[in-house]
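Residues per chain are reported as follows:
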Amino acid sequence: MIAINVSEISLKIKSDLILNNISIGFEKGKIHGLIGRNGSGKTMLMKCICGFVRPTSGEITVYEKIIGKDCDFPESVGIIIETPGFIPYYSGYKNLKLLADLNKKISGEDIKKIMLQVGLEHNLKRHVRKYSLGMKQRLGLAQAIMENPDVLILDEPMNGLDKDGVSDMREYLKFYREQGKTILIASHSAEDITILCDTVCEMDKGILSRVG
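Calculation rules
- Residues numbered from 1 in each chain as written.
- Predicted model: local features only at pLDDT ≥ 70, side-chain atom pairs only at ≥ 80, totals over all residues.
- Heavy atoms only, no water.
- Core = buried A, V, L, I, M, F, W, Y, C linked by side-chain atoms within 4.5 Å.
- Buried < 20%, exposed > 50% of the residue type's maximum accessible area, 1.4 Å probe, protein only.
- Helix = DSSP H or I, 4+ residues; strand = E, 2+ residues; numbered from the N terminus.
- Contact = heavy atoms within 4.5 Å.
- Axes fitted to C-alpha atoms, helices over the stretch in contact; angles between N-to-C directions.
- Parallel < 35°, antiparallel > 145°, perpendicular 65-115°, else oblique.
- Left-handed = near helix turned anticlockwise from the far one by under 90°.
- Nonpolar A, V, L, I, M, F, W, Y, C, P; charged D, E, K, R; others polar.
- Pairing = 2+ DSSP bridges.

Caption draft 1: Geometry of the nonpolar core. If you look at the biggest cluster of nonpolar residues, it comprises 35 residues, and the most contacted ones within it are Leu96, Val118, Leu139, Leu141, Met158, Leu173 and Tyr176. When contributions to this core are tallied by element, the ones reaching two or more residues are helix 2 (92–103), helix 3 (108–117), helix 4 (133–145), strand 7 (151–155), helix 5 (163–178), strand 8 (182–186) and helix 6 (190–196). By residue number, the principal contributor to this core is helix 4, which donates six residues. Among residues more than four places away in sequence, those in contact with valine 118 are Arg138, Leu141, Ala142, Ile145, Tyr172 and Tyr176. Grouped together as the second largest cluster of nonpolar side chains are 27 residues, Ala3, Leu19, Leu184 and Met203 included.

Caption draft 2: The packing of helix 2 against helix 3, seen in detail. The N-to-C vectors of helix 2 and helix 3 enclose an angle of 130 degrees; their axes lie 10 Å apart at closest approach. In this view, helix 2 runs oblique relative to helix 3, as classed from their interaxial angle. Remark: the crossing between helix 2 and helix 3 carries right-handed chirality. On helix 3, the residues touching Gly92, Tyr93, Leu96, Lys97 and Ala100 of helix 2 are Gly108, Ile111, Lys112 and Met115. When its residues are assigned to classes, the contact of helix 2 with helix 3 shows five nonpolar, two polar and two charged.

Caption draft 3: Spatial organisation of the pairing of strand 9 (residues 199–204). Pairing of strand 3 (residues 31–35) with strand 9 involves four bridges; the strand directions are parallel. Considered in strand 9, the bridge of glycine 33 is made with valine 200. Direction of pairing for strand 9 relative to strand 10 (residues 207–210): antiparallel, over a ladder of four bridges. Among the inter-strand pairings, glutamate 202 is bridged to a residue of strand 10, identified as serine 209. Between strand 9 and strand 10, which pair antiparallel and follow one another directly, the connecting turn spans two residues, one of which, lysine 205, has a positive phi of 55 degrees.

Caption draft 4: Broad picture of the environment of glycine 85. Take glycine 85: it is sitting in the loop between strand 6 (77–80) and helix 2. Taking the relative accessible area as the measure of exposure, glycine 85 reaches 66% and is therefore exposed. Counting along the chain gives 53 residues from glycine 85 to arginine 138, while the straight-line C-alpha distance between them is 12 Å.

If you want it as structure tokens, here you go:
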């Protein structure tokens, strides 16, 4: 089953062609890698899939719902794009609780379990502004997975992580794949892509090609 289908997507901003007639299907229950240089269009493609940016032409469906027509944003998607944004003077737990209260799908106890799962102490009173970059990445992952989404869209999730943190993140992603999640990950690391991904696509100047 195709979880995410991108059909003839192009994106033009002023005179710049950011995405050039991209068509690709991402199969359910696999980890799909995106590689490419900075400015190649990887992040913008992810933003289009998430409904944050509307393409100039073409169509994107997530589990057969057309983004921008059937729904503004895809349902059941966990997202890390660029640096996760949190309220800096709240603790990690308080940030997640504030977000969870919007949908009321999970309890405070659920949040504590997720934080422990990604290697964070839920009772740590330290404000997020005092977190290391690696801790912020772990908190971003906790936010992305806490409501048990079907799809994960992760842009450079290893940023700021030390060797142990990278190893942990890889194991988390393998575990989520085993749970049937569909994962789209952009990474500069050839090692991450080789170890994790079932399929690999390369972006170059807004053009997408499958390479493995």
